[in-house]
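Summary of the model geometry
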Amino acid sequence: MDYKYIEQLLERYFQAETTLEEEQILRAFFLQKPGDMPAALQQYAPLFDVMAEKPKLDADFDERILALTEGTVQVKAKTIKMGERLKPFLRAAAVVAVILTLGNAIKQAVDSDDGVWDSPAEYSAEAASIQKSGAVMAEQGTDSMSLAIDQMTVQEDSVLNGKID
């Protein structure tokens, strides 16, 4: 006897592609005596034997199940406000904003002039600028200092002469 059709049905059965009629053919085939089928197909017989045994339910099965479910707790639906729904998105947006801000700060720190001169000409230009500003500050400081000394002497003279402002 040719069992190719049964083998094809088994392949389709395990891929969940069989119809109800084809599954009945397989059940009928595997319900026959194990000695009448080839050894390669005998390994599938216990699967269909279990499926052939249908559990019988009592007449009062429905009533017992309903009685068990009647005492259950009623579950109320929880309403979720819009703010609670948006919290994960707002948190993600905050994380992205922090990352972008830090990235921008790091980029500006790396790109800014950090006092490193690329050539000797830049160094000498910076040194000349510093010397010039130092000379201007020293000149202003001297002027300020002499002005302060003059004021102190005027006050000292007035105190000594008895003239207090």
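Structural data are supplied above this passage.
Our subject in this report is the structure included herewith. (Residues numbered from 1 in each chain as written. Predicted model: local features only at pLDDT ≥ 70, side-chain atom pairs only at ≥ 80, totals over all residues. Heavy atoms only, no water.)

Below, the discussion takes up the overall build of the protein chain. Of the regular secondary structure elements, the protein chain holds seven helices and zero strands. Scanning the protein chain from its N terminus toward the C terminus, one meets helices and strands in the order α-α-α-α-α-α-α. Intrachain contacts of the protein chain at a sequence separation of at least 6 include 32% that bridge at least 24 residues. When the accessible area of the protein chain is evaluated, it comes to approximately 14,700 Å², of which 60% is carbon and sulfur surface. (Helix = DSSP H or I, 4+ residues; strand = E, 2+ residues; numbered from the N terminus. Contact = heavy atoms within 4.5 Å. Areas by Shrake-Rupley, 256 points an atom, 1.4 Å probe, with all protein chains shown as cover.)

Once that is clear, we can look at the packing of helix α1 (residues 4–14) against helix α2 (residues 20–30). Running from N to C, α1 and α2 point in directions that differ by 120°, and their axes come no closer than 10 Å. Comparing their axes, α2 and α1 come out oblique. For the element pair α1 and α2, the recorded crossing hand is left-handed. For the pair α1 and α2, contact is made by Tyr5, Ile6, Leu9, Leu10, Arg12 and Tyr13 and by Glu22, Glu23, Ile25, Leu26, Phe29 and Phe30, respectively. Looking at the contact of α1 with α2 residue by residue, the classes come out as nine nonpolar, no polar and three charged. (Axes fitted to C-alpha atoms, helices over the stretch in contact; angles between N-to-C directions. Parallel < 35°, antiparallel > 145°, perpendicular 65-115°, else oblique. Left-handed = near helix turned anticlockwise from the far one by under 90°. Nonpolar A, V, L, I, M, F, W, Y, C, P; charged D, E, K, R; others polar.)

Another point: the environment of leucine 9. If you trace the backbone, leucine 9 turns up in helix α1. Between the C-alpha atoms of leucine 9 and glutamate 23, which are 14 residues apart in sequence, the distance is 8.1 Å. In contact with leucine 9, not counting residues within four places along its chain, are Thr18, Glu22, Ile25 and Leu26.

So, about α1. Regarding α1, the residues found buried are Ile6, Leu9, Leu10 and Tyr13. One side of α1 carries all its buried residues, which in axial view fall inside an arc of 105°. In this structure, α1 carries Lys4 and Glu11 as exposed residues pointing more than 90 degrees from its buried face. (Buried < 20%, exposed > 50% of the residue type's maximum accessible area, 1.4 Å probe, protein only. Arc of directions from axis to C-beta.)

Let us look at a nonpolar patch on the surface. Among the surface-exposed residues, Met82, Leu86, Phe89 and Leu90 lie close enough to one another that they form a single nonpolar patch of about 450 Å² accessible area. Looking at where phenylalanine 89 falls in the secondary structure, it is placed in helix α6 (residues 82–111). (Patch = residues over 30% accessible without salt bridge, like charges linked within 9 Å, V, L, I, M, F, W, Y side chains within 5 Å. Salt bridge = Lys/Arg side-chain N within 4 Å of Asp/Glu carboxyl O.)

Looking now at the packing of aromatic side chains. Aromatic ring pairs: the centre-centre distance and the angle between the two ring planes describe each pair. Using the criterion set out here, one finds four aromatic pairs in the structure. Ring centres 5.6 Å apart and planes at 70° place the aromatic pair tyrosine 13 and phenylalanine 14 in the edge-to-face group. By relative accessible area, which is 49% here, phenylalanine 14 ends up partly exposed. Ring pairing ties together the aromatic residues Tyr3, Phe29 and Phe30, which thus form one cluster. (Phe/Tyr/Trp six-rings, centres within 6.5 Å; stacked < 30°, edge-to-face > 60°.)

So, about the pattern of salt bridges. Taken as a whole, this structure holds four salt bridges when the rule is applied. Ionic pairing is found between arginine 64 and aspartate 58, a salt bridge with its closest N-O pair at 3.6 Å. The class for arginine 64 is partly exposed, based on a relative accessible area of 42%. The structure contains a network of salt bridges with shared partners spanning Asp58, Asp60 and Arg64.

Geometric descriptors of this kind do not, in isolation, establish any biological role.
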